[in-house]
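Results of the structural survey
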Amino acid sequence: MNYALVTGGSRGIGRAICLELAGMGYNIIINYASNQQAAQEAKALVEAKGVKADLLPFDVSSPAAIEAALDGWKEAHPDDFIAVLVNNAGIRRDNMLVLMQDDEWNDVMATALNGFFHTTRHVLKSMVRKRTGRIINIVSVSGLTGLAGQANYSASRAAVIGATKALAKEVAARRITVNAVAPGYIDTDMTHDLDQAALKGQIPVGRFGTPEEVAYAVGFLASERASYITGDVISVNGGLYT
Ligand code: NDP
């Protein structure tokens, strides 16, 4: 059976993506780091869509943890196939570069960039064998424009955009598409510390986006209708940057 793996799928944008893909009929592997309660809630919501939901906690910044978790899942599911991979897990550790600590730089890179690399390399092997697949990387407007206080985050997202374009060319002949979705300001736990009232004045649409509005774009890229779109970045940002 066909599964979609969503890293950081338990909360926020990732949870909305799990529900969108579940609505399209995919069974879902919900990855998360540590918040068990949020993961259980996400699992119940996915199952309510009539598909299977497997919780698969692992830290995307740990290559060994990725390997162990995905090998274990494959052993338990010899006949199942991860047809869609959404690399969504990410963290913010904002600071001005002149003050930025090594761990603030390294943690953001390890999660967004190394997490993308190690998870994708693992999942891609079966996609290449099956000659089909969809890889969708959640990046950020910050990786397109650069945002002050986010040199680490902007760099990690710009790097994933570069990798998206390169990998798309590597696997296009195998009928695997690789795209990115770049959200602007989305109302989730990650942005609860931001001053929404001040920031929404900068957004032409005049508000933060919802996780579902990002998930719709991911659903489209995962669908058969998007089979001629690869190596591209779709912005979902209310006109913040075009
Ligand atoms: P949230 O903070 O709301 O949720 C983050 C999710 O990622 C949780 O499921 C969390 O798991 C998981 N996670 C965090 N670190 C790891 C890790 N090391 N390994 C595995 N899972 C991890 O984030 P959002 O939903 O807001 O953001 C989702 C993605 O979209 C991120 O990559 C973010 O950078 C990006 N983005 C967000 C924007 C926004 O405005 N919100 C804008 C642009 C991009 P747990 O619950 O266990 O902690």
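This is a predicted model, so every value here is computed, not measured. (Residues numbered from 1 in each chain as written. Predicted model: local features only at pLDDT ≥ 70, side-chain atom pairs only at ≥ 80, totals over all residues. Heavy atoms only, no water.)

1. Here's the deal with the packing of aromatic side chains
Tallied over the full model, the rule gives two aromatic pairs. Between Tyr3 and Trp73 the ring centres are 5.0 Å apart and the planes differ by 80°, which places this aromatic pair in the edge-to-face class. Taken together, the residues span a long stretch of sequence, with Tyr3 in strand S1 (residues 2–6) and Trp73 in helix H3 (residues 63–76) at a distance of 70 residues. For Tyr3, a relative accessible area of 1% puts it in the buried group. Geometrically, the ring pair formed by Tyr185 and Phe208 is stacked, given 5.3 Å between the ring centres and 20° between the ring planes. Of this pair, Tyr185 sits in the loop between strand S6 (176–183) and helix H7 (196–199) while Phe208 sits in the loop between H7 and helix H8 (211–222), placing them 23 residues apart in sequence. Taking relative accessible area as the criterion, Tyr185 reaches 17% and is therefore assigned buried. (Phe/Tyr/Trp six-rings, centres within 6.5 Å; stacked < 30°, edge-to-face > 60°. Helix = DSSP H or I, 4+ residues; strand = E, 2+ residues; numbered from the N terminus. Buried < 20%, exposed > 50% of the residue type's maximum accessible area, 1.4 Å probe, protein only.)

2. Quick word on the pattern of salt bridges
All told, the structure shown has six salt bridges when counted by the stated rule. Among the ionic pairs, Asp189 bridges to Arg11, the shortest N-O distance being 2.7 Å. Of this pair, Asp189 sits in the loop between S6 and H7 while Arg11 is found in the loop between S1 and helix H1 (12–23), placing the two residues 178 residues apart along the sequence. Accessibility expressed as a relative area gives 39% for Arg11, which makes it partly exposed. Taken together, the salt bridges that share partners define one network made up of Arg92, Asp94 and Asp193. (Salt bridge = Lys/Arg side-chain N within 4 Å of Asp/Glu carboxyl O.)

3. Things to note about a positive patch on the surface
Residues Lys74, Arg121, Lys125, Arg129 and Lys130 make up a contiguous surface patch of positive charge. Considering each element in turn, the positive patch owes the most residues, four residues, to helix H4 (residues 102–130). With respect to the secondary-structure elements, Lys125 resides in helix H4. Residue classification places Lys125 among the partly exposed residues on the basis of a relative accessible area of 49%. (Patch = residues over 30% accessible without salt bridge, like charges linked within 9 Å, V, L, I, M, F, W, Y side chains within 5 Å. Areas by Shrake-Rupley, 256 points an atom, 1.4 Å probe, with all protein chains shown as cover. Lys, Arg positive; Asp, Glu negative; His and termini not counted. Charge placed at Lys NZ, Arg CZ, Asp CG, Glu CD.)

Keep in mind these numbers describe shape, not what the thing actually does.
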